[in-house]
Amino acid sequence: MKVIRFISISLFLFIICLVENYLNTFITLNFGVYIFFISLIYMGTEIFSQNLVFPIFLSGILYDSFFSTYYLGLYTSIFLIVVIFSNYLVSRYRGSSAIYIATISICLLIYKIPILIEFSLNYWFVSYCVSIVVNSFIFFSLKRALKINV
Amino acid sequence: MRNSQVVGVRKYVVYFLFIFLSGLLSVVDYFSNKTLSNFIPDQVNVISNIQIPDRFLQNELSNLYSNKADLVAENIRLKEELTNLRVLYIENQELQDNIESYEDLIKNITNFDLTYYATSLILKNSTDEYLISGGRDYNFKPGDLVINEKGYIVGYLGEVFNDYSILESFNSTNFNFRALDSNNNIFEVKSNGKELIFSSLESSLNLKVNILFSDVTFGHINKFPLVDLEPYEQTTLNNKITVIVPIEEILTFQSKLFIPKSK
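Analysis parameters
- Residues numbered from 1 in each chain as written.
- Chains lettered and ligands numbered in written order.
- Predicted model: local features only at pLDDT ≥ 70, side-chain atom pairs only at ≥ 80, totals over all residues.
- Heavy atoms only, no water.
- Pairing = 2+ DSSP bridges.
- Helix = DSSP H or I, 4+ residues; strand = E, 2+ residues; numbered from the N terminus.
- Axes fitted to C-alpha atoms, helices over the stretch in contact; angles between N-to-C directions.
- Phe/Tyr/Trp six-rings, centres within 6.5 Å; stacked < 30°, edge-to-face > 60°.
- Buried < 20%, exposed > 50% of the residue type's maximum accessible area, 1.4 Å probe, protein only.
- Lys NZ or Arg CZ within 6 Å of the ring centre and 35° of its normal.
- Contact = heavy atoms within 4.5 Å.
- Buried area = accessible area lost by both parts, 1.4 Å probe.
- Salt bridge = Lys/Arg side-chain N within 4 Å of Asp/Glu carboxyl O.
- Polar contact = N/O pair within 3.5 Å; in protein donor to acceptor, adjacent residues only side chain to side chain.
- pLDDT = per-residue confidence, 0-100.
- Left-handed = near helix turned anticlockwise from the far one by under 90°.
- Nonpolar A, V, L, I, M, F, W, Y, C, P; charged D, E, K, R; others polar.

All names here are of chain B. Spatially, E1-E14-E4-E5-E6-E3-E2 is the arrangement adopted by the seven strands of the open sheet, whose pairing is antiparallel. The strands lining the two open edges of the sheet, one partner per strand, are strand E1 (114–119) and strand E2 (121–124). Across the sheet, the mean angle separating the axes of adjacent strands is 35° when strand polarity is ignored. Two strands pair when backbone bridges link them, and E2 and strand E3 (residues 130–133) are joined in this way by three bridges, in the antiparallel orientation. When the sheet's bridge partners are listed, Leu-121 is paired in E3 with Ile-132.

Have a look at this one:
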């Protein structure tokens, strides 16, 4: 039962990751809507648990295998680091919106690190700043919606 | 206080273990020449197994609110006929699009000894590389050129899987290409995401460079135009030319792409 649960969460995360890529293929504006990244932040800040490590690991492995040209494990590590970092920042400097935005900003840097390393600042900086605003808005909306539902 | 700090660190232990495991996988993948990362995609056909149901194509969802009474036998029969016609219409449209794109291509290419496989965009990954249809099933290989309907190179295949491939396009982080000009000067082409940087590798005469071409000497299948450098500013330093060209063409789902292969 536990295995089925883990696998279904992994597949769900992988589908979100796939949707994120599809979405960003359609969006030709200078920003990205990173719904999988938002999910990782949500898992890190709101529902952090050791049980989530395996589903995140598995979805990362699937992403690395199918959609990435980098070595297996790179994106898996990035996903796990994003979750750890977001959890650390939010639990250390508890709760204000500014902390959440700072967390999203720092974690987005980690999330996009392969592009940031390869390309110069003027390539990604504007897109990065706009993405922080857009994704923070989505994150807060999601957080609020899930809180209301609970 | 100390207790809560210990708990704070302990809760990440499993995560750190998995990060270590990921690092280990990367190392193994590096030394096994990517055998590990290609293992899963080599076992399954991802793209050819995904088929959009006809019902979805027909936008049947809009009919969710129709009354049961409307579902009389005649309507069902007519609907089925309509569905079949609609599917045929879509198929016909796709074929017409294909013919049109091939017609455009024929106008712009000179070499008809090659087979031009039409391919299309599937999605863009996190590092701005494009996944395109067709892989080992069409005998594609890493390094194969990808051209547009004008016959110009838009990139090359970075990795090839069973039924899809990863295209290294101009705005990809890994884009690295070599091309020749009409005077056989070798140019190295790199990308910074927004611009292509062309640098001549050998000292060359102070001539204006125009169109760059792929060449068989670099393992390319044939000579295809890459970019016309004539309209752009060409700076010469130590007899070496550097040209910076902004990337204007962005690939979309409507882009018509072809992969030339020998017959």
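All names here are of chain B. The backbone phi angle of Asn-33 is positive, close to 55°, even though this residue is not glycine. Not every positive phi belongs to a glycine, and Asn-139 is a case in point at roughly 65°. Structurally, Asn-139 can be placed in the loop between E3 and strand E4 (145–148).

Let's shift gears to the packing of aromatic side chains. Overall, the coordinates contain 33 aromatic pairs over all chains when judged by the stated rule. Judged by centre distance (5.9 Å) and plane angle (65°), the ring pair of Tyr34(A) and Tyr111(A) falls under edge-to-face. With Tyr34(A) in the loop between helix H1 (2–26) and helix H2 (35–45) and Tyr111(A) in helix H5 (residues 97–111), this pair connects stretches of sequence that are 77 residues apart. Each member of the pair, Tyr34(A) together with Tyr111(A), is buried. An aromatic cluster is built from Phe14(A), Tyr34(A), Phe36(A), Phe37(A), Tyr63(A), Phe66(A), Phe67(A), Tyr75(A), Phe79(A) and Tyr111(A), whose rings are joined through pairwise contacts. If you follow Lys34(B) out to its NZ or CZ, it ends over the ring of Tyr71(A), 5.4 Å from the centre. The ring of Phe213(B) carries Lys223(B) above its face, with NZ or CZ at 5.0 Å from the centroid.

On to the interface of chain B and chain A. Between chain B and chain A, the contact holds 46 residues from the first and 44 residues from the second. Of the roughly 4,100 Å² buried between chain B and chain A on both sides combined, carbon and sulfur atoms contribute 66%. Together, Tyr12(B), Tyr15(B) and Ser126(B) form the three largest contributors to the area buried by chain B at its contact with chain A, with a combined 18%. Joining chain B to chain A, the criterion identifies zero salt bridges. Summed over the shared surface of chain B and chain A, the number is 13 residue pairs in polar contact (both at pLDDT 80 or more). Secondary-structure elements contributing two or more residues to the side of chain B that touches chain A are helix H2 (13–31), helix H3 (35–43), E2 and strand E6 (164–169) of chain B. Looking at the side of chain B that touches chain A element by element, the count peaks at 12 residues for H2(B).

The subject of this paragraph is the side chain of Ser26(B). As for its position among the elements, Ser26(B) is in helix H2. With residues up to four places along the chain from it excluded, the contact list for Ser26(B) reads Tyr71(A), Leu72(A), Gly73(A) and Leu74(A).

Right, let's get into the confidence of the model for chain B. The pLDDT averaged across chain B works out to 80; a share of 86% of its residues lies at or above 70. Within the model, the stretch residues 56–62 of chain B combines pLDDT values under 50 with seven contacts to residues more than four positions away or in other chains.

Residue and element names in this part refer to chain A. Contact pair helix H3 (residues 53–67) / helix H4 (residues 74–92): the axes reach a minimum separation of 7 Å and the direction vectors enclose 145°. By crossing handedness, the relation of H3 to H4 is classed as right-handed. Mapping the contact onto sequence places Val-53, Ile-56, Phe-57, Gly-60, Ile-61, Tyr-63 and Asp-64 in H3 and Leu-74, Tyr-75, Thr-76, Phe-79, Leu-80 and Val-83 in H4. Class assignment for the residues of the contact of H3 with H4 results in 10 nonpolar, two polar and one charged.

Checked against the element boundaries, Ser131(A) lands in helix H7 (residues 121–149). If we ignore the near neighbours within four places in the chain, the residues touching Ser131(A) are Phe31(A), Gly32(A), Tyr34(A), Leu108(A) and Ser136(A).

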